[in-house]
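Structural features, examined
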Amino acid sequence: MLNETIQKEFQRKEIKYLIEADTFEQLQKEFQDYLTPDRFTHSSITNIYFDNPDFQLIKDSINHRHASEKIRMRTYDPKPTQKSQAFLEIKKKEYQGEQEIGYKYRLTSTPLSLCNYVQQGIMDNNIKQDDRANHELAILRERYRKLVPKMFIHYERFSLKGIENPKLRVTFDRNVIYRHENVNLTSGFNGYPLLKNNQIVMEVKVKNGLPAWMEKIFHKHQLISQSFSKYTTAYLKAYGLTPEDIREEPTSIA
């Protein structure tokens, strides 16, 4: 595993856009005066999302119950194994007026250790502990009773950061695939395409609002932010559902 300081908590706005490949090429050119390649400019990201057998966690997120939490295990290893460095991330959202603030709490270990912890509550010595992440996971394990791997999502990411403000980050995710069978990190990257051909997920991660120069560029390209979740989209596509179908369902957990 990497011997480096790992950021365990994040609080920021995450503003998402769905763009076409030609827009991506144009934006790269216009961003050159303001953004520079991040430390890990190109990365291969593989995620496992945990849920209960009835997918109640993602249903609650779609219905904006609780704090729209998600539990995922992520690795940046281009060829994941059971010994890869992996991150367990608990994501949640809060609303301040019309502003959506995202929080993320993180544990670090190996895929096997993290799966044992999420599913059985067994914490071994490989897990780098974090009290807040442990607390958030305990709440979710109590609420949803049984958490198991339910969705695999993989994509390639291109990352930039602000020249004047390094905490400003812009990421581009492409070639996004998902599968809801054989859900683990080590069975290859086969799956179904999540997006339309040549479509890319662009996400701006920022502490406050968009900088003026970025708003100007986005206005020029008529880009409009939208709520978008890879896990939500994959779940709906996998089972042929719409958000309205989920909103009509009663919750299965008292």
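If you check an unreviewed UniProt entry, the protein appears there as VTC domain-containing protein from Streptococcus troglodytae.

A word on the side chain of Lys16
Mapped onto the fold, Lys16 is located in strand β1 (residues 9-20). Within polar-contact distance, the side chain of Lys16 engages the backbone oxygen of Phe228 at 2.7 Å. Leaving out residues up to four positions away in the same chain, Lys16 has contacts with Met202, Glu203, Ile224, Ser225, Gln226, Phe228 and Ser229.

Considerations on the packing of aromatic side chains
Per the stated rule, a full pass over the model turns up 13 aromatic pairs. Here the basic side chain of Arg106 rests over the ring of Phe87, its NZ or CZ set 4.2 Å away from the ring centre. Sitting above the plane of the Tyr155 ring, Lys230 keeps its charged end 4.5 Å from the centroid.

Focus on the pattern of salt bridges
Under the counting rule described, the total for this entry stands at 14 salt bridges. Across the salt bridge formed by Arg143 and Glu69, the nearest N and O atoms sit 3.2 Å from each other. Remark: Glu69 occurs in the loop between α2 (56-62) and β3 (70-75) and Arg143 occurs in helix α4 (residues 131-144); sequence separation between them is 74 residues. Of the two residues examined, Arg143 and Glu69, each falls in the buried class. Through salt bridges with shared partners, one network takes in Arg72, Glu89, Lys104 and Arg106.

What to know about the packing of helix α1 (residues 21-31) against helix α5 (residues 212-220)
Packing of α1 against α5 brings their axes to within 11 Å, and their N-to-C directions diverge by 150°. Our classification of the angle between α1 and α5 gives roughly antiparallel. The interaxial crossing formed by α1 with α5 has right-handed handedness. For the pair formed by α1 and α5, the contact residues are Leu27, Glu30 and Phe31 on the first element and Trp213, Ile217, Phe218 and Lys220 on the second. Across the contact of α1 with α5, the residue classes break down as five nonpolar, no polar and two charged.

The rules behind these values
Residues numbered from 1 in each chain as written. Predicted model: local features only at pLDDT ≥ 70, side-chain atom pairs only at ≥ 80, totals over all residues. Heavy atoms only, no water. Helix = DSSP H or I, 4+ residues; strand = E, 2+ residues; numbered from the N terminus. Polar contact = N/O pair within 3.5 Å; in protein donor to acceptor, adjacent residues only side chain to side chain. Contact = heavy atoms within 4.5 Å. Phe/Tyr/Trp six-rings, centres within 6.5 Å; stacked < 30°, edge-to-face > 60°. Lys NZ or Arg CZ within 6 Å of the ring centre and 35° of its normal. Salt bridge = Lys/Arg side-chain N within 4 Å of Asp/Glu carboxyl O. Buried < 20%, exposed > 50% of the residue type's maximum accessible area, 1.4 Å probe, protein only. Axes fitted to C-alpha atoms, helices over the stretch in contact; angles between N-to-C directions. Parallel < 35°, antiparallel > 145°, perpendicular 65-115°, else oblique. Left-handed = near helix turned anticlockwise from the far one by under 90°. Nonpolar A, V, L, I, M, F, W, Y, C, P; charged D, E, K, R; others polar.

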